[in-house]
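Chain by chain, the residues run as shown.
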Amino acid sequence: MQKYLIRRLLLVIPTLWLVISMLFLGVNLLPGDYVTIKLSNLEASGATTQPADIIGEVETERTLHRVVAGDSVDSLALFYQVAPEEILALNPRIKQDSELIPGSSIIIIDGQLLSVIARRERLSLPEDVDKGVDLLVERNPEIDFPTFAGQPYAPSGVALKLRDSTTITELAQVNRVRPEDYLNVNLVGTPSNPDGELTAETLLLPGSTIIAPTREITESSVKHRLGLDKPLGIQYVEFIWDTVRLKFRPSFQTNEPSMDIFLRTLPRTLHLNVYALIVAIIVALPVGIFSAMRQDRLPDYLLRGFAIFALAAPSFWVATMLIFVVSPGSLFEGGLWSIPLAEEEARSIFTSVPGFFALYTIPAVAGGIAAGAGLMRITRSELLEVLRQDYVRTAWSKGLRERQVIRRHAFRNALVPVLSVFGLQVAALVGGNIILEVLFNIPGVGLALLQRIYQADTPVIATMVFFLALFVIVVNIIIDISYALIDPRIRYA
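Now for a description of the structure that goes with this document. Note that the structure is predicted; figures quoted are calculated from it, not measured. (Residues numbered from 1 in each chain as written. Predicted model: local features only at pLDDT ≥ 70, side-chain atom pairs only at ≥ 80, totals over all residues. Heavy atoms only, no water.)

**What to know about the overall build of the protein chain**
Point 1. If you tally the helices and strands in the protein chain, you get 18 helices and nine strands.
Point 2. The 493 residues of the protein chain split such that 42% are buried.
Point 3. Pairs at least 24 apart in sequence give 69% of the contacts found in the protein chain among residues at least 6 apart.
Point 4. Carbon and sulfur atoms make up 62% of the accessible area of the protein chain, which totals about 27100 Å². (Helix = DSSP H or I, 4+ residues; strand = E, 2+ residues; numbered from the N terminus. Buried < 20%, exposed > 50% of the residue type's maximum accessible area, 1.4 Å probe, protein only. Contact = heavy atoms within 4.5 Å. Areas by Shrake-Rupley, 256 points an atom, 1.4 Å probe, with all protein chains shown as cover.)

Shown next, in the form of structure tokens:
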């Protein structure tokens, strides 16, 4: 058994590699330019271009802290790494044991940190803020900068010189875009480029206005964020490595981690699928056994007809008919069932048990009947095959009761093929419940996957498809292992 398990787990590696490769091909071969899609979505949300003034100097103000509940002089001093006496000196109206009123303002610094000014005015990249501080000190030699918690700051009321001039190259660097991105939005004839002589090295003086592309709207930044600026081979290797580490790319649309989106939607899908599987087992096994025991009699004909109907009828149609029957204003004026489609609490059994059953029962019954019909037919046929065996006839001849013959001799041996079909039904149920999640407004993996397909949000699609494929693989491994537990004649060498 151990050797078989090792071999079976090793086979998972090429299977997952094939799944990941197919996902990569799907992401890169699907029609549509994802950069264009991303840019158009950003433009639709208002992230396009904006006029920006070249600021030469700013007048510094006091740095204030907005008091929230629980703040005290000591806690603020600890947070800002200064002595309480320094805060009290700037705020003579309060004492160290004073109760601070939430919503009021406390003076923390009688000025502004140079690091904050450098970051706000884009004098350097955020990770090079020390360079921006050095530039401010260099450009303001007449100011003696005091320190706050070891960092220099400009006193309030001081006119601080930021720059004498700048160039598009410098602006592009601190905004993480290309100089060409600036030139592309400052076209010939616009106020910032009336004669077409604007270049990447043109000096821009304080007071002039230039059109600035936002960082998220530029083609280069979008390509860099999506990893599309690298050769295809490197993209493939990085895609496999990131998937193996479960480090998926963020959403194209919201920049939210794809794993967070999947984990947020997974519990609702598990609620529905587990409930539907319970219904399928309750429908399939007892009905299949009863039908086999009443072969070619009226109950058998009725149950077989029901199974054929359930297999032919789509689960979403069954769910729609059930809604029509039980909802208010349909067959019954007052209705038999109220489905809380819009209630968040009803989407989890841990927040509302009555709401859970009210919301999930109809889709679970619809999905469970469809899955259970196939299991019922295979249970009936396999049980009939076992009942014709000699050892079962011997059990009958001993005078054993029907229940004992079925439970001890027949059913367990008929269960191996049933398990094989059960594994396929589990995989089919996960895919088929996408429509049920849409129909009943259940924000599970299926509904989220469908929405992301409409939005061409391929990182989220790849993440969800990968885990669905992994789920099917794990289910099949568990079923293979269970064969030996059910039938002692099966041994794995």
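That covers the picture; the talk isn't over yet.
**Examining the side chain of Gln112**
Point 1. Assignment of secondary structure puts Gln112 in strand β5 (residues 111–113).
Point 2. Every residue in contact with Gln112, bar those within four places of it in the chain, is listed here: Thr60, Glu61, Thr63, Ile117, Arg120, Tyr153 and Ala154.

**Some points on the pairing of strand β4 (residues 105–109)**
Point 1. Burial runs high along β4: four of the five residues are buried.
Point 2. Pairing geometry for strand β3 (residues 63–66) and β4, over four bridges, is antiparallel. Note that in β4 the partner of Arg66 across the bridge is Ser105. (Pairing = 2+ DSSP bridges.)

**A look at the sheet that holds strand β6 (residues 147–148)**
Sheets are built from strands paired through backbone hydrogen bonds, the pairs being either parallel or antiparallel.
Point 1. Spatially, the three strands line up as an open sheet ordered β5-β7-β6, and their pairing is antiparallel. Edge strands, defined here as strands with exactly one partner in the open sheet, are β5 and β6.
Point 2. By the bridge criterion, three bridges tie β5 to strand β7 (residues 151–155) in an arrangement that is antiparallel. Bridging from a neighbouring strand, Gln112 pairs with Ala154 of β7.

**A look at a nonpolar patch on the surface**
Point 1. Together, Phe309, Phe316, Trp317, Met321, Ile435 and Leu439 line one region of the surface with nonpolar side chains, adding up to about 540 Å² of accessible area.
Point 2. For the nonpolar patch, the secondary structure elements donating two or more residues are α13 (315–326) and α16 (402–439).
Point 3. Checked against the element boundaries, Trp317 lands in helix α13.
Point 4. Classification of Trp317 by relative accessible area gives partly exposed; the value is 38%. (Patch = residues over 30% accessible without salt bridge, like charges linked within 9 Å, V, L, I, M, F, W, Y side chains within 5 Å. Salt bridge = Lys/Arg side-chain N within 4 Å of Asp/Glu carboxyl O.)

**Quick look at a positive patch on the surface**
Point 1. Residues Lys398, Arg401, Arg403, Arg407 and Arg408 make up a contiguous surface patch of positive charge.
Point 2. Mapping Lys398 onto the fold places it in the loop between α15 (390–397) and α16.
Point 3. According to the relative accessible area criterion, Lys398 is exposed, its value standing at 65%. (Lys, Arg positive; Asp, Glu negative; His and termini not counted. Charge placed at Lys NZ, Arg CZ, Asp CG, Glu CD.)

**Section: the nonpolar core**
Point 1. In terms of nonpolar packing, the biggest core is built from 30 residues, with Leu383, Leu387, Ile406 and Ala410 touching the most fellow members.
Point 2. It is α16 that contributes the most residues to this core, 10 residues altogether.
Point 3. Residues contacting Leu387, with those up to four places away along its chain left out, are Met293, Val392, Ile406 and Ala410. (Core = buried A, V, L, I, M, F, W, Y, C linked by side-chain atoms within 4.5 Å.)

**Examining helix α6 (residues 129–139)**
Point 1. Every buried residue of α6 is accounted for by Val129, Gly132, Val133 and Leu136. Each buried residue of α6 lies within a common arc of 100° when the element is viewed along its axis, so the set occupies one face. Facing away from the buried side of α6 by more than 90 degrees, the exposed set consists of Asp130, Asp134 and Glu138.
Point 2. In this structure, the buried side of α6 is in contact with α5 (114–120), β7 and β8 (159–161). (Arc of directions from axis to C-beta.)

**Observations regarding the environment of Arg264**
Point 1. Topologically, Arg264 is positioned in helix α11 (residues 258–293).
Point 2. On the basis of relative accessible area, Arg264 is assigned to the partly exposed category, the value being 43%.
Point 3. Considering only alpha carbons, one finds Arg264 and Val445, 181 residues apart in sequence, at a separation of 8.6 Å.
Point 4. Among the polar contacts listed, one links the side chain of Arg264 to the side chain of Glu256, at a separation of 2.5 Å. (Polar contact = N/O pair within 3.5 Å; in protein donor to acceptor, adjacent residues only side chain to side chain.)

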